[in-house]
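Structural overview
Here is how the chains run, residue by residue.
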Amino acid sequence: MRLNVNVVVNGRSHALEVGAHETLSDVLRERLGLTGCKVACDQSVCGACTILVDGDPVSACSTFMFKVDDSKITTVEGLAAGGVLTRVQEAFLQDGAFQCGFCTSGMILLVTALLARDPNPDDATVQQWLSSNICRCTGYNSILAAVRRASAGLRTEAAA
Ligand code: FES
Ligand code: FES
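These figures come from a predicted structure and were not determined experimentally.

**Some remarks on the packing of helix 2 (residues 87-94) against helix 3 (residues 104-117)**
- Contact geometry of helix 2 with helix 3 gives a least axis separation of 9 Å together with a crossing angle of 130 degrees. The angle between helix 2 and helix 3 places the two elements in the oblique class. Like other packed secondary-structure pairs, helix 2 and helix 3 cross with a definite hand, here right-handed. Two secondary-structure elements touch here, helix 2 through Val88, Gln89 and Phe92 and helix 3 through Thr104, Ile108, Val111, Thr112 and Leu115.
- Grouping the amino acids of the contact of helix 2 with helix 3 by side-chain chemistry returns five nonpolar, three polar and no charged.

**Structural notes on the domain arrangement of the protein**
- What the domain assignment lists for the protein is domain 1 (2-78) and domain 2 (81-159).
- Here the C-alpha centroids of domain 1 and domain 2 sit 21 Å apart.
- Listed by partner, the interface residues are 16 residues for domain 1 and 12 residues for domain 2.
- Elements that contribute at least two residues to the side of domain 1 that touches domain 2 include exactly strand 3 (50-53) and strand 4 (56-59).
- The greatest single-element share of the side of domain 1 that touches domain 2, amounting to three residues, is contributed by strand 3.

**Quick word on the nonpolar core**
- Residues Ile51, Ala60 and Val111 are the most contacted members of the largest nonpolar core, which totals 42 residues.
- Residue assignment for this core shows that the elements contributing at least two residues are strand 1 (2-9), helix 1 (24-31), strand 3, helix 2, helix 3, helix 4 (123-130) and helix 5 (141-159).
- Residue contributions to this core peak at eight residues, all from helix 3.
- Contacts of Val111, omitting those with residues within four sequence positions, involve Val88, Val147 and Ala150.

Reading the values: the criteria
Residues numbered from 1 in each chain as written. Chains lettered and ligands numbered in written order. Predicted model: local features only at pLDDT ≥ 70, side-chain atom pairs only at ≥ 80, totals over all residues. Axes fitted to C-alpha atoms, helices over the stretch in contact; angles between N-to-C directions. Helix = DSSP H or I, 4+ residues; strand = E, 2+ residues; numbered from the N terminus. Parallel < 35°, antiparallel > 145°, perpendicular 65-115°, else oblique. Left-handed = near helix turned anticlockwise from the far one by under 90°. Contact = placed C-beta atoms within 7 Å. Nonpolar A, V, L, I, M, F, W, Y, C, P; charged D, E, K, R; others polar. Domains from an automatic or database assignment. Core = buried A, V, L, I, M, F, W, Y, C linked by C-beta atoms within 7 Å. Buried ≥ 20, exposed ≤ 12 C-beta atoms within 10 Å, placed from the backbone.

Structure (structure tokens):
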């Protein structure tokens, strides 16, 4: 069975015909070439494939494509408008919040969603959000530092 799905991905409209079994990560990676959406566990455990659907973090590996019909999707490729890194991306760079990088795009999108809801989250809130995404390399301290840096930057920006 084929289904028609209309989505806006990183600001571009796509009219797609998809199989009922096709996942969001299949479509993003294999049909749209957006390989920043990483797939590791492929069963909604590690968070590597996290992308945003209408601003909410979602595991693309375990979301059927037909379920996101009529939504706006953001992948890591859609963040740096005009080549200018977002506060969160800049903070990850400055704090060296990655090593192998496999978890990084998912982490950045997760933190982007968190700070959009709460620009000044306390440590417990940050840790609760990060618990959905696994990093096997960094030990998380540099990621926490990046979240604090991005949060402080956003608050300064808002106060200016
Ligand atoms: S690859 Fe999707 S949650 Fe692990
Ligand atoms: S940087 Fe390697 S898994 Fe996070």
